[in-house]
Amino acid sequence: MARPRRLVILGSTGSIGSQVMEVVRRHPGLFRVVGLAANSRFELLARQMAEFRPGLVCVGQGQARGSIARAAAGLRICLAEGGRGLELAAGMPGADMTVNALVGAAGLLPTMAAIRAGRDVALANKESLVAGGELVMRAAGKSGARIIPIDSEHAALHQCLDGRDPRTVRRLILTASGGPFRGRGRSKLLRVTARHAMKHPTWRMGPKITVDSATLMNKGLEVLEARHLFGVPLERIEVVVHPESVIHSMAEFTDGSVLAQLSSPDMRLPIQYALTWPVRRPSLAKPLNFPEIGKLTFHRPDTATFRCLKLAYLAGGIGGSMPAVMNAANEVAVQAFIEGRIGFLRIPEVIVRTMAAVPRTRAATVGDVMAADARARAAARRLLGRVRP
Ligand code: NDP
Ligand code: MG
């Protein structure tokens, strides 16, 4: 048997991170976990440390103390912390692949660190590509690191496009479940709370992406993610609402043929695809039962009600630092919504106003992108003080 693939898992305690662990356990001997990073869920992290015995673990800034430090010392695990620690773990010598399952633009620097170290990246953290996609792809081209998407739509497209001539691709069609508020008009969205938004019809995910799915910003982020991953211009990337979440995305070719990837909605499948690619193995996902599914339906997204999808296209069209600005404003607004400080319909409002307040600059370096991100967060926080709840 070949030697195990050595994995660093950033965000190991999250929704994706925990499912990465399930995939690792499903294939004894196939993987070895050599690095972990998490922020605050220390009980779970300590269990993961005892189970996998990684060489390096990274925790949030100022957290490398107390019980987690004692657990690490007892297991002879090196403990790092904060942003520098994440970068260290991401590019850790001796690893084969870094899984980035962090949430938010905080994932950009670790993605870059992994790529610069020539490490293949299994990427769930879409915000790194939204904010710094050109830089990430250019660095990957230079170092030879490969980026294999975990996001189910992009994993689907990766499968549809694998080995095909990019010049023959006419359109990418991303499917969207439509989220928990599909079919509601603005008046019905005035009073929805984070608790309502957390009831996603098909997926169980972390809080930020669950709200993003309810606003359709998740699909906007995914359009920008797809543009960078597959080098297809925005005007040739479309979104279609497909509530059954059976088709995970489609690629249309110049001859009119459309290839789609179908499976039951279970993130463990795209996670495993990224971890074992180019090899396929039995997975934990339930096989599809077509007579039970009966029919698959498709609708146009309601972008008049769910404005975030259009905002993502707009930011992508403006280019430069604007996608990073939009992404940062969204992170601030979503957090405020989760904390009950603003209503659901204020999320796009905060984003639009931040985009208007923070001018586009160039995004030639990671420093440029992070500076735009910081300016946008400051502007969005100032706006939060002013918008009606
Ligand atoms: P979660 O909120 O469930 O998990 C986020 C993880 O990141 C946690 O392990 C958290 O640690 C860790 N983390 C956050 N900040 C830091 C930090 N500063 N330092 C170290 N660790 C940190 O998110 P999800 O798993 O839902 O999403 C992760 C990414 O994957 C997002 O970009 C999302 O868009 C994408 N994605 C998620 C899908 C899903 O099904 N969940 C599907 C497709 C894409 P702790 O828990 O210890 O605080
Ligand atoms: Mg997705």
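Note that the structure is predicted; figures quoted are calculated from it, not measured.

Caption draft 1: Region of interest: the pairing of strand β3 (residues 56–59). Neither face of β3 is left uncovered, since the one carrying Leu56 and Cys58 and the one carrying Val57 and Val59 both have all their residues buried. Pairing of strand β2 (residues 31–37) with β3 involves three bridges; the strand directions are parallel. Across the sheet, the residue bridging to Leu36 is Val57, located in β3. Once you follow β2 into helix α2 (residues 42–52) and on to β3, the crossover reads as right-handed.

Caption draft 2: Region of the structure containing the coordination of the magnesium ion (ligand 2). Binding of the magnesium ion (ligand 2) to the protein goes through Asp151 (OD), Glu153 (OE) and Glu222 (OE), at separations of 2.1 to 2.2 Å. In the primary sequence, the donor residues of the magnesium ion (ligand 2) line up as D-x1-E-x68-E. The class for Glu153 is buried, based on a relative accessible area of 7%.

Caption draft 3: A look at the domain arrangement of the protein chain. Domain assignment breaks the protein chain into domain 1 (5–150), domain 2 (154–304) and domain 3 (319–383). Taking only C-alpha atoms into account, the centre of domain 2 sits 24 Å from that of domain 3. Opposite the 18 residues of domain 2 that make contact, domain 3 presents twelve residues. Of the roughly 1,300 Å² buried between domain 2 and domain 3 on both sides combined, carbon and sulfur atoms contribute 81%. Interface area lost by domain 2 to domain 3 is led by Lys208, Val211 and Met217, which between them contribute 32%. Remark: the boundary between domain 2 and domain 3 carries zero salt bridges. For the pair domain 2 and domain 3, the interface holds one residue pair in polar contact (both at pLDDT 80 or more). Broken down by secondary-structure element, the contributors of at least two residues to the side of domain 2 that touches domain 3 are α8 (194–197), α9 (207–215) and α10 (217–230). Looking at the side of domain 2 that touches domain 3 element by element, the count peaks at six residues for α9.

Caption draft 4: Here's a closer look at the site of ligand 1. Taken together, 24 residues are adjacent to ligand 1, and Thr13, Ser40, Arg41, Glu127 and Gly206 come closest. Within the side chain of Arg41, an N or O atom sits 2.5 Å from an oxygen atom of ligand 1. Here an oxygen atom of ligand 1 and a backbone polar atom of Gly206 are 2.8 Å apart. When isolated, ligand 1 has an accessible area of 900 Å², and the protein chains bury 89% of it. Looking at the shell around ligand 1, its residues break down into eleven nonpolar, nine polar and four charged. Shared between two domains, the shell around ligand 1 takes at least three residues from each, and those domains are domain 1 (5–150) and domain 2 (154–304).

Parameters at a glance
Residues numbered from 1 in each chain as written. Chains lettered and ligands numbered in written order. Predicted model: local features only at pLDDT ≥ 70, side-chain atom pairs only at ≥ 80, totals over all residues. Heavy atoms only, no water. Buried < 20%, exposed > 50% of the residue type's maximum accessible area, 1.4 Å probe, protein only. Helix = DSSP H or I, 4+ residues; strand = E, 2+ residues; numbered from the N terminus. Pairing = 2+ DSSP bridges. Right-handed = clockwise from strand over helix to strand, strands pointing away. Donors = N, O, S within 2.8 Å, 3.2 Å for Na, K, Ca; no water. Domains from an automatic or database assignment. Contact = heavy atoms within 4.5 Å. Buried area = accessible area lost by both parts, 1.4 Å probe. Salt bridge = Lys/Arg side-chain N within 4 Å of Asp/Glu carboxyl O. Polar contact = N/O pair within 3.5 Å; in protein donor to acceptor, adjacent residues only side chain to side chain. Near = heavy atom within 4 Å. Areas by Shrake-Rupley, 256 points an atom, 1.4 Å probe, with all protein chains shown as cover. Nonpolar A, V, L, I, M, F, W, Y, C, P; charged D, E, K, R; others polar.

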